[in-house]
Amino acid sequence: MSGLQRLRAVLRRSWPLVMLVVVTLWMGRGGLSPSATFKVGGELPELSTELADGTRFSLAQARDQVVVLNFWASYCQPCRVEAPLLSAAQAADVRVVGLSVEQYSPAQVAAQARDLGMHYPIGVADEALLSRFRVQSVPTTYVIGKDRKIVLSRVGLLGKRELEEALAAARDAS
């Protein structure tokens, strides 16, 4: 076997490992974290939706509150990992709203959320809402400051420190 053939064989075998490293770096913290379509410093479109408990959530009515808007799915492992972080934020007087991208009934989505340990209001994002918010992947998370400006725009797993820093910045927004 020539040197070139050996090199090709090594590269062919190591390709999955290389891709794993690249994806890990891309999803990791550092400056490589992917942002969602709506950028930090901008504003989200108006949102008014019914939640599984029968109440309505509106961004307009949430003015002067810190809001975490999280698009999730029951099959999404990073969404499951984020659930305790978002539940803790809700308990710390932050308005957290989880919108499922799965087209189940509100009762089914609420049951899934409870099973995953989500202790915050849950709703179902219909196709029109997903399109308006340009959600292409889950989890997609926005932290919105009291001034309605986006403080964090994130696709992928949200880390505890990243969330804490965004919430601190959102609380300081005026």
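Residues numbered from 1 in each chain as written. Predicted model: local features only at pLDDT ≥ 70, side-chain atom pairs only at ≥ 80, totals over all residues. Heavy atoms only, no water.

Colleague: Honestly, unusual backbone geometry in this entry has me stumped. Any pointers?
Modeller: Peptide bonds are mostly trans, and most non-glycine residues show a negative phi. Between Val138 and Pro139 the backbone carries a cis peptide bond, its omega angle lying at -5 degrees. With respect to the helices and strands, the residue Pro139 is situated in the loop between helix H4 (127–132) and strand E6 (140–144). Despite not being glycine, Asp93 has its phi angle at roughly 70 degrees, a positive value. Structurally, Asp93 is set in the loop between helix H2 (77–91) and strand E4 (95–100). On the basis of relative accessible area, Asp93 is assigned to the exposed category, the value being 74%. Within the chain, Arg148 stands out as a residue other than glycine whose phi angle is a positive 70 degrees. (Helix = DSSP H or I, 4+ residues; strand = E, 2+ residues; numbered from the N terminus. Buried < 20%, exposed > 50% of the residue type's maximum accessible area, 1.4 Å probe, protein only.)

Colleague: Teacher, can you tell me more about the state of the cysteines here?
Modeller: Working definition of a disulfide: a covalent bond connecting the sulfur atoms of two cysteines. Per the stated rule, a full pass over the model turns up 1 disulfide. Cys76 shares a disulfide with Cys79; S-S distance 2.4 Å. As the torsion about the S-S bond is roughly 80 degrees, the Cys76-Cys79 disulfide counts as right-handed. With a relative accessible area of 5%, Cys76 lands in the buried category. (Disulfide = S-S within 2.5 Å.)

No statement about biological role is implied by the geometric values presented.
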